[in-house]
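# Understanding the architecture of this molecule
Here is what each chain is made of, one letter per residue.
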Amino acid sequence: MQQALLLVAGLALATMIGCDKERIGEDPLVTRGRTLFSDPKFSTDGLTTCGTCHPGGHMDNLKWHFPAIHDSTNGVPDSLRTLTLWGVSETGPPYLWDASGKDLRNVTRLYTDTIMGGTASDDEIEALVAYQRSLVFPQNPWLPSGGTLTAQQERGKLVYETTGLCSPCHPLPTGTTGKPKDVGTGGLFKTPGLRNIVSQYPYFHDGRAATLRDVIDFYDADTSGALRAAGFDIRLSEQEKEDLVEFLKTL
């Protein structure tokens with residue numbers, strides 16, 4: 001069932017990305033930024049673009065290791081999952097998994113000049129930032145018509161707000177406080193937003209969870225004890241977990 005869901009998500013994402021074209025009456029700065037986002041001019045290999053990891057401004061569902069900014073421990077590369085740029089203006093700073101990015105201009109230059117190895121002018125950075133800030137969350141195909149939740153989704157929403165203990169770190173509508181947290185995955189990492197979360201698999205900074213159910217099971221098990229030590233004692237029934245997954249799909 002989950003594999004079928006991911007297939008549907010992929011098809012929906014492909015359709016939405018395919019619609020990422022210049023809009024009528026669009027700000028010329030945004031239009032230029034969209035063009036630069038797909039231009040390999042900033043890469044040393046002449047092939048890589050911003051859109052390589054962020055097709056349509058979203059994410060490629062992969063992990064990457066960038067030696068320029070990622071540390072290696074005991075010779076093992078620290079690879080991090082791509083974060084979406086959809087809704088970047090809504091979710092706001094901080095940026096990056098380590099929450100070190102306070103200004104979108106600086107983060108953009110980090111990628112163009114350091115990670116990709118190029119040199120972007122100030123005007124190009126402004127255009128790229130304008131494009132990123134124009135990116136919005138697409139219509140959610142899993143949200144019922146009219147926005148009225150099903151009975152199961154309503155039960156999941158209740159779990160989200162109560163026994164699931166989701167809302168303290170993932171307050172709606174964005175689903176994030178932006179603050180870094182240690183949830184037992186190996187350090188402090190930015191709390192990601194949950195808008196359109198069904199398309200942002202695999203989950204966690206290192207992509208260890210393939211499905212939303214895997215994420216919920218991880219929190220429920222809390223094998224590291226980090227959550228319970230912080231006061232988050234999550235113990236959900238099978239039905240509560242299923243209901244919570246159905247609600248998360250609507251965000």
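A short tour of the structure in this document, coming up. (Residues numbered from 1 in each chain as written. Predicted model: local features only at pLDDT ≥ 70, side-chain atom pairs only at ≥ 80, totals over all residues. Heavy atoms only, no water.)

## Examining the overall build of the protein
Along its length, the protein carries 10 helices and 6 strands. With 251 residues in all, the protein has 47% of them scored as buried. When contacts within the protein are restricted to residue pairs at least 6 apart in sequence, long-range pairs at least 24 apart make up 57% of them. Counting only carbon and sulfur atoms, one obtains 56% of the accessible surface of the protein, whose full area is about 12600 Å². (Helix = DSSP H or I, 4+ residues; strand = E, 2+ residues; numbered from the N terminus. Buried < 20%, exposed > 50% of the residue type's maximum accessible area, 1.4 Å probe, protein only. Contact = heavy atoms within 4.5 Å. Areas by Shrake-Rupley, 256 points an atom, 1.4 Å probe, with all protein chains shown as cover.)

## Considering the side chain of His-58
Relative to the assigned elements, His-58 resides in the loop between helix H3 (50-53) and strand E1 (63-64). Among the residues examined, His-58 registers a relative accessible area of 0% and is labelled buried. Within the structure, the side chain of His-58 is placed 2.6 Å from the side chain of Thr-84, a separation counted as a polar contact. (Polar contact = N/O pair within 3.5 Å; in protein donor to acceptor, adjacent residues only side chain to side chain.)

## A look at helix H7 (residues 151-161)
All of the buried residues in H7 are Gln-153, Gly-156, Val-159 and Tyr-160. Looking straight down H7, one finds its buried side chains confined to an arc of 110 degrees; they lie on one side. Among the exposed residues of H7, those oriented more than 90 degrees off its buried face are Ala-151 and Leu-158. Considering only its buried residues, H7 is in contact with helix H10 (238-248). (Arc of directions from axis to C-beta.)

## A look at the packing of aromatic side chains
Within the structure shown, the criterion is met by 7 aromatic pairs. A centroid spacing of 5.7 Å and a plane angle of 65 degrees characterise the contact between Phe-204 and Tyr-219, whose relative ring orientation is edge-to-face. Residue Phe-204 is located in the loop between strand E6 (189-190) and helix H8 (212-221), and its partner Tyr-219 is located in helix H8; the two are separated by 15 residues in the primary sequence. The exposure class of Phe-204 is buried, given its relative accessible area of 11%. For Tyr-219, a relative accessible area of 22% translates into the label partly exposed. An aromatic cluster of at least three residues, connected via ring pairs, comprises Trp-64, Phe-66 and Tyr-111. (Phe/Tyr/Trp six-rings, centres within 6.5 Å; stacked < 30°, edge-to-face > 60°.)

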